[in-house]
Amino acid sequence: MNIILEGDHTSFPCEGDTILRAALRAGLGFPYACNTGSCGNCRFTLVEGSITHASPPPAWSERDLKKNRWMGCQAVPQSDCTIKLRLDRSYEPMHKPRRMASKFVHATQITHDIFEFSFALDAPMQALPGQYALIYLPGMDMPRAYSMCEISQGGDIWSFQIKLVPGGAGSAALGALEPAANVGIDGPYGTAFLRPEAPRDILCIAGGSGLSPMISITRAAAHSPELTGRTIHFVYGGRMIRDLCGQPMLETLPGYGHRLHYWPVLSNHPIDDPDGWTGARGYVHEAISEKFGDELGNFEIYFAGPPPMAGAIKKLLFERGVPQEQVHYDEFY
Ligand SMILES: Cc1cc2nc3c(=O)[nH]c(=O)nc-3n(C[C@H](O)[C@H](O)[C@H](O)COP(=O)(O)OP(=O)(O)OC[C@H]3O[C@@H](n4cnc5c(N)ncnc54)[C@H](O)[C@@H]3O)c2cc1C
Ligand code: FES
């Protein structure tokens, strides 16, 4: 089917795909973020044609329905369509996303509930540090979004650090993966990737499941010849000591302890301190506010984690007057 952008003299094919993903595969700057129907950034107006949603998007409202607005990441055309949308060059993909077959290689335990899963792709593919992919797991109709922590040099092994959520369908399917299981991977996606050209020190903030993209960005920044003069701060927020992670991965990187620093913070560690925790306490946004205060505007800031954490950090950075162009993030719905 053919999707025409009204007034833009642009069209692109969309076969068995969502309109957002087909547009990105064609190299177009279709605005989006989560790719799972939750953020609403990919909303567009249908001018002519017929559409269904692959899965009801949480961000879709009665008002959208009345105004014939649809979510690009879930919208599947039933006919040729004309749509109204303003393209934005900042969303044009550096690596056009592709649907790939892969085989599960192995999983390594990081904490009590975070595991690193690796998959061997049928053909190499590159991605930018901090990007994510959609993973189609056995027995599931809808994919889940997970950020890569590492891509092998040849681009054929993609690894993801994933927090398994009790009762989660994707988590259950990941936990049940057999060696060499067939898994579909669609990517790369996302705009919260490392900007090596930015002339500032780097602050990476990860909360809970947000570990993976921050590890990817920090690894790339630590190894980048363009960034050897920059300081990198990595702040990890967990609930209790058993949630802490990241440090062993950073310790192996060049500059650790000199220009690369790890700052853990715990939000729910018991006050009477039975495990002897003497480090920072509180939520991760409180920790960065206390530690960096008015200096926050001097950093290129990357963060990832659950929506409440992302909301609190966005509010803090806004209040501190950090320019939006210096802030790059993914909310993990
Ligand atoms: C951009 C992005 C990057 C992410 N990166 C990571 C990461 O690196 N590591 C990590 O641990 N987690 C990451 N997540 C979170 C992850 O995608 C899952 O939400 C989480 O692992 C729980 O999934 P679950 O299937 O176990 O739980 P479930 O409760 O079954 O599903 C949780 C989420 O999946 C989505 N979902 C559920 N049903 C549907 C459906 N029918 N159609 C479409 N979407 C549906 C919704 O967003 C829902 O909030 C990321 C999320 C996003 C948006
Ligand atoms: S709702 Fe489609 S990208 Fe978030």
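Residues numbered from 1 in each chain as written. Chains lettered and ligands numbered in written order. Predicted model: local features only at pLDDT ≥ 70, side-chain atom pairs only at ≥ 80, totals over all residues. Heavy atoms only, no water.

- An unreviewed UniProt entry lists the protein under the name Toluene monooxygenase electron transfer component, from Pelagibacterium luteolum.

## Observations concerning the overall build of the protein
- Within the protein one finds seven helices and 19 strands.
- Along the first, second and third principal axes, the C-alpha set of the protein runs to 60 × 50 × 40 Å.
- The contacts in the protein between residues at least 6 apart in sequence include a share of 71% that link residues at least 24 apart.
- When the accessible surface of the protein is summed, it comes to about 15,400 Å², and 52% of that surface belongs to carbon and sulfur atoms.
- Looking at the protein, you have 28 positive and 35 negative side-chain charges, and the mean spots of the two groups are 4 Å apart. (Helix = DSSP H or I, 4+ residues; strand = E, 2+ residues; numbered from the N terminus. Contact = heavy atoms within 4.5 Å. Areas by Shrake-Rupley, 256 points an atom, 1.4 Å probe, with all protein chains shown as cover. Lys, Arg positive; Asp, Glu negative; His and termini not counted. Charge placed at Lys NZ, Arg CZ, Asp CG, Glu CD.)

## Comments concerning the site of ligand 1
- Surrounding ligand 1, one finds 23 residues, the nearest of these being Arg144, Ala145, Lys163, Gly170 and Ser171.
- At a separation of 2.6 Å, an oxygen atom of ligand 1 approaches a polar backbone atom of Gly170.
- Here an oxygen atom of ligand 1 and a backbone polar atom of Tyr333 are 2.8 Å apart.
- Protein chains shield 80% of the accessible area of ligand 1, which is 940 Å² for the free molecule.
- Every element with two or more residues in the shell around ligand 1 is listed here: strand E11 (144–151), strand E12 (157–163) and helix H3 (169–175). (Near = heavy atom within 4 Å. Polar contact = N/O pair within 3.5 Å; in protein donor to acceptor, adjacent residues only side chain to side chain.)

## Some remarks on the sheet that holds strand E18 (residues 299–305)
- Strand order in this open sheet of six strands is E17-E16-E15-E14-E18-E19, and the pairing throughout is parallel. Sheet topology places strand E17 (280–281) and strand E19 (327–331) at the edges, where each strand pairs with a single neighbour.
- Across six bridges, the pairing between strand E14 (residues 201–207) and strand E15 (residues 232–238) is parallel. Bridge assignment links Cys204 to a residue of E15, and that residue is Phe234.
- Relative to the sheet, helix H4 (residues 211–223) contacts E14, E15, strand E16 (260–266) and E18, its axis offset from that of E15 by approximately 165 degrees.
- Contacts between helix H6 (residues 284–292) and the sheet are confined to E14, E15, E16 and E18, with E15 contributing the most and set at about 145 degrees to the helix. (Pairing = 2+ DSSP bridges. Axes fitted to C-alpha atoms, helices over the stretch in contact; angles between N-to-C directions.)

## So, H6
- Within the sequence span of H6, burial applies to Val284, Ala287, Ile288, Ser289 and Phe292.
- Taken together, the buried residues of H6 touch E14, E15, E16, E18 and helix H7 (307–319).
- A positive phi of about 40 degrees marks Gly293, the residue just after H6. (Buried < 20%, exposed > 50% of the residue type's maximum accessible area, 1.4 Å probe, protein only.)

## Thoughts on the UniProt feature "domain: FAD-binding FR-type" (unreviewed entry) in the protein
- The UniProt feature table records "domain: FAD-binding FR-type" (unreviewed entry) at residues 97–195.
- Taken end to end, residues 97–195 comprises 7% helix and 48% strand; its first and last C-alpha atoms sit 19 Å apart. (UniProt positions renumbered as here; feature names shortened; annotations may be inferred.)

## Topic: the pairing of strand E1 (residues 2–5)
- The alternating pattern of E1 places Ile3 and Leu5 on a buried face and Asn2 and Ile4 on a face that is not buried.
- In this structure, E1 lies alongside strand E2 (residues 10–13), joined through four bridges in antiparallel fashion. Considered in E2, the bridge of Ile3 is made with Phe12.
- Following E1, the chain reverses through four residues before pairing antiparallel with E2; Gly7 in that reversal takes a positive phi of roughly 75 degrees.
- Pairing of E1 with strand E7 (residues 81–84) involves three bridges; the strand directions are parallel. In the strand pairing of E7, Ile4 is matched with Thr82.

## A few points about the layout of surface pockets
- Of the volumes computed, that of the second largest pocket is approximately 760 Å³.
- Tyr91, Gln324, Val327, His328 and Tyr329 are the residues nearest the centre of the second largest pocket, which is lined by 25 residues in total.
- Elements that contribute at least two residues to the lining of the second largest pocket include exactly H7 and E19.
- Top element by residues in the lining of the second largest pocket is E19. It accounts for five residues.
- Residues belonging to the lining of the second largest pocket are distributed by class as follows: 14 nonpolar, six polar and five charged.
- Of the domains in this structure, domain 1 (2–91) and domain 3 (201–331) are the two that each give at least three residues to the lining of the second largest pocket. (1 Å grid on protein atoms, 1.4 Å probe; cavity = no way out; pocket = protein on both sides within 12 Å on 5 of 7 lines; lining within 4 Å. Points joined across faces, edges and corners; volume = space filled by probe spheres on them. Nonpolar A, V, L, I, M, F, W, Y, C, P; charged D, E, K, R; others polar. Domains from an automatic or database assignment.)

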